[in-house]
Amino acid sequence: MSSIIQLLPDHVANQIAAGEVVQRPASVVKELLENAVDAGATDIKLIIKDAGKSLVQVIDNGKGMSITDSRLCFERHATSKIRQAEDLFSLHTKGFRGEALASIAAIAHVEMKTKQDQDELGTHIIIEGSKFISQEPSVLPNGTSFAIKNLFFNIPARRNFLKSETVEFRHIVDEFQRVALAHPTIYFTMYHNGSEMFNLPNSNIRQRIVNVFSGKTNEKLVPVQEETEIVTIQGFVGKPEFAKKNRGEQFFFVNDRFIKSGYLHHAVMAAYEGLLPNGSQPTYFIYLNVPPNTIDINIHPTKTEIKFDDEHALYAILRSTIKHSLGQFNVVPTLDFDRDPNLDTPYQYQNKKADYPTIQVDSTYNPFAEEKPSKQFSGGTSYRKQEVIGSSWESLYVGLKNDIAEVEPFAFENEEVTASLFDEKEEEQSVKRTYQIHKKYIVSPIKSGMVIIDQGRAHQRVLYEQFLTNMTVNQASSQQLLFPLQLFFSNNEMKLLAELQPSLINTGFIFESFGVDSINVSGIPVNTTESEVSIVLEQLLSDLQDGIPDSSFSQNDTIAKSMAKSLAVKTGTYLTEKEQESLVNNLFACKEPNVSPFHKPTFITMRVEDIDKRFAL
């Protein structure tokens, strides 16, 4: 029998490996930015075209590469980050596997320009699908420039599975923000299709956070800082009143590397226990510094998962540190008898001694004395109350006139008014037709038995069809606000809102202005309250994280579903009898009353025969 196992060619192996390392254009951005950081760059530029499908270019002023290194860096498992296996336990760089550039070169057109400071000429290399096209010396500035063009040109199936430009660009922005937040001392700029998206000068951590998101972020942040033998913690957490429904602004950095950790996230949520409403997520930017030999990064190709030696101690320290910071800045309610009262002392009064008040006591005061003695105060003035005149209640009436005015008797109408608006025969005692159970279900009798309605899903269906009709058929009604409502959002959220503006106007919103990081709302839909506007828009932005649908109907459908989900009555809401009847009537007036907008049943029916079977009649 002949042998059937054979070695794969290098270009095929590289394409297979690229599936793990390069999943989308954002993966290329991450790898190139981290390489620029490892090269010691102080100024990094990111240039994107068509959400990375046409071009991803990273330009840095790092130390560059020699002629040999520039050719060798595209080979698999070629790296300058580690030398031996023991180096994996003391990593101080972002990359260490030597797979990224080889994987990128296997599935794209790569143009690299690099030059070291001591060299007069640099190196210009062009690679297409792992094939070296040219390598020649060139006059270049110090540093390295990688231009990745036509990603997945030789793997059309992977290219077809890419999402829309909006979605892919959002992933690129996420990766850019993670690297920029991890390194505030590096100057970052980002351009997309010729327009500048971010300009982040070198600064401290707080200023970098404000520059990445918006100026309003500054007032939301509470500093966090703690230093122990296990870990050094610094960063910022958001105040509870600025919590959002989505988990967008939540960042963990371990040794300047962005990570995802559900365990540490639970520690943060435990610190906010009792401060956040249900379903809300706090904002946090937590920077952890731990000894490199106590963590294991080499778990996942994206290096966003880390194993810690002592996770339980880290959990406890992080939770107590955040709780301590929230207490110091008077974010936590002060009515808590188990807390240290020193936490509530403002910083400027910590070392200040208390001043005891001076108290003056009148030793001669006797509340039962008939004649109260005069009180001498520091001013030297004496006061004496007048004696009470009279010893009995009769003295109160001394001196009053004895004349009594005669009052003529009044005449009242003795005739009883017996007329009524309705005849007694026509009066019928109203019968209650609906009942609410556990503030969740509405039960209504019908001819064949009874119907049980989920009030939340039913209201979602009613609102969904109302919004969809307003956006597609009718002109939506708006209620004007007495004072315009100003809402603040991040840069990415503002771009989404600008794209959604026409559809939101059709639902009943009226916008006075769109700023850089805020919008002014002067009109809202009729069935919306002013306090619900921010909730509706945040939920809408959360639902559209995966991109805005291309077709107008799909876009309107998504907006109608999101707004219906936000404004529908929730479980635990008490409904009056009229509200119950109105909801039932509106539900069965819908085109599709059987299911909610998310294709879940809105009601079930129970026939009398089924109930009889339960009782075995």
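> Summarise the sheet that holds strand β22 (residues 510–514); cite the residues concerned and give the values.
As summarised here, the arrangement of the 3 strands in space is β21-β23-β22, forming an open sheet in which the pairing is antiparallel. Two strands close off the open sheet at either side, each with one partner strand: β21 (478–488) and β22. Each strand axis lies, on average, 15° off the axis of its neighbour in the sheet, ignoring direction. The pairing of β21 with strand β23 (residues 518–525) spans 7 bridges and is classified as antiparallel. Directly across from Leu485, in β23, lies its bridge partner Val521.

> Which residues make up the nonpolar core, and what values go with them?
The tendency in soluble globular proteins is for nonpolar side chains to be buried as a group. Counting 61 residues, the largest nonpolar core has Phe188 and Met190 as the members making the most contacts within it. No other element matches the 8 residues that helix α6 (residues 165–182) contributes to this core. Sequence-distant contacts of Phe188, that is, excluding residues within four places in its chain, are made with Leu33, Val37, Ile44, Phe176, Val179, Ala180, His183, Phe198, Asn199, Leu200 and Arg208. Within the second largest apolar cluster, 31 residues are counted, among which are Tyr464, Leu481, Leu497 and Phe511.

> Can you break down the sheet that holds strand β13 (residues 284–289) residue by residue, with the values?
Working definition: the strands of a sheet are paired by backbone hydrogen bonds and lie parallel or antiparallel to each other. Here we have 5 strands laid out as an open sheet, ordered β9-β10-β13-β11-β12, and mixed in their pairing. The open sheet has two edge strands with one neighbour each: β9 (221–227) and β12 (258–259). Pairing of strand β11 (residues 250–254) with β13, which is carried by 5 bridges, proceeds in the parallel orientation. Among the inter-strand pairings, Gln250 is bridged to a residue of β13, identified as Tyr284. Those strands touched by helix α7 (residues 205–212) are β9, β10 (232–238) and β13, and its axis lies near 35° from that of β10. Helix α9 (residues 311–328) rests against β9, β10, β11 and β13 of the sheet, and its axis sits at about 135° to β9.

> Provide a residue-level description of the confidence of the model for the chain, including the pertinent values.
When pLDDT is averaged across the chain, the result is 79; 78% of the residues are at 70 or more. Within the chain, strand β17 (residues 382–383) has the poorest average pLDDT of any element, 46, and strand β1 (residues 43–49) the best, 94. Across residues 425–430, where pLDDT falls below 50, the model places 1 contact with residues more than four positions away in sequence or in other chains.

> An account of unusual backbone geometry is requested, with residue identities and associated values reported.
Phi is positive for Ala51, which is not a glycine, with a value near 55°. Counting through the fold element by element, Ala51 comes out in the loop between β1 and β2 (55–60). What makes Ala51 buried here is its relative accessible area of 0%.

> Would you mind going over α6 in detail, with residue names and values included?
Counted at 1.5 Å a residue, the expected span for α6 with its 18 residues is 26 Å, and the 26 Å between its end C-alpha atoms agrees. Of all 18 residues in α6, 14 are buried; the element is thus mostly enclosed.

> Describe helix α14 (residues 577–588), and please don't skip the residues or the numbers.
When the terminal C-alpha atoms of α14 are compared, their 17 Å separation across 12 residues agrees well with the 16 Å that a helix rising 1.5 Å per residue should span. Of the residues making up α14, those classed as buried are Gln580, Leu583, Val584 and Leu587. Buried positions in α14, seen along its axis, are confined to an arc of 95° and lie on one side of it. Opposite the packed face of α14, turned more than 90 degrees from it, sit the exposed residues Lys578 and Asn585. For α14, the secondary structure elements touched by its buried residues are β18 (435–437), β19 (441–446), β20 (449–454), α10 (455–472) and β24 (603–607).

> Summarise the pattern of salt bridges; cite the residues concerned and give the values.
Counting across every chain of the model gives 11 salt bridges. Ionic pairing is found between Glu465 and Arg461, a salt bridge with its closest N-O pair at 3.0 Å. Remark: Arg461 and Glu465 occur in helix α10; sequence separation between them is 4 residues, near one turn of the helix. With respect to class, Glu465 is no different from Arg461; both count as buried. Within this structure, Arg461, Glu465 and Glu592 form a network of salt bridges that share partners.

Conventions we followed
Residues numbered from 1 in each chain as written. Predicted model: local features only at pLDDT ≥ 70, side-chain atom pairs only at ≥ 80, totals over all residues. Heavy atoms only, no water. Pairing = 2+ DSSP bridges. Helix = DSSP H or I, 4+ residues; strand = E, 2+ residues; numbered from the N terminus. Axes fitted to C-alpha atoms, helices over the stretch in contact; angles between N-to-C directions. Core = buried A, V, L, I, M, F, W, Y, C linked by side-chain atoms within 4.5 Å. Buried < 20%, exposed > 50% of the residue type's maximum accessible area, 1.4 Å probe, protein only. Contact = heavy atoms within 4.5 Å. pLDDT = per-residue confidence, 0-100. Expected span 1.5 Å × (residues − 1). Arc of directions from axis to C-beta. Salt bridge = Lys/Arg side-chain N within 4 Å of Asp/Glu carboxyl O.

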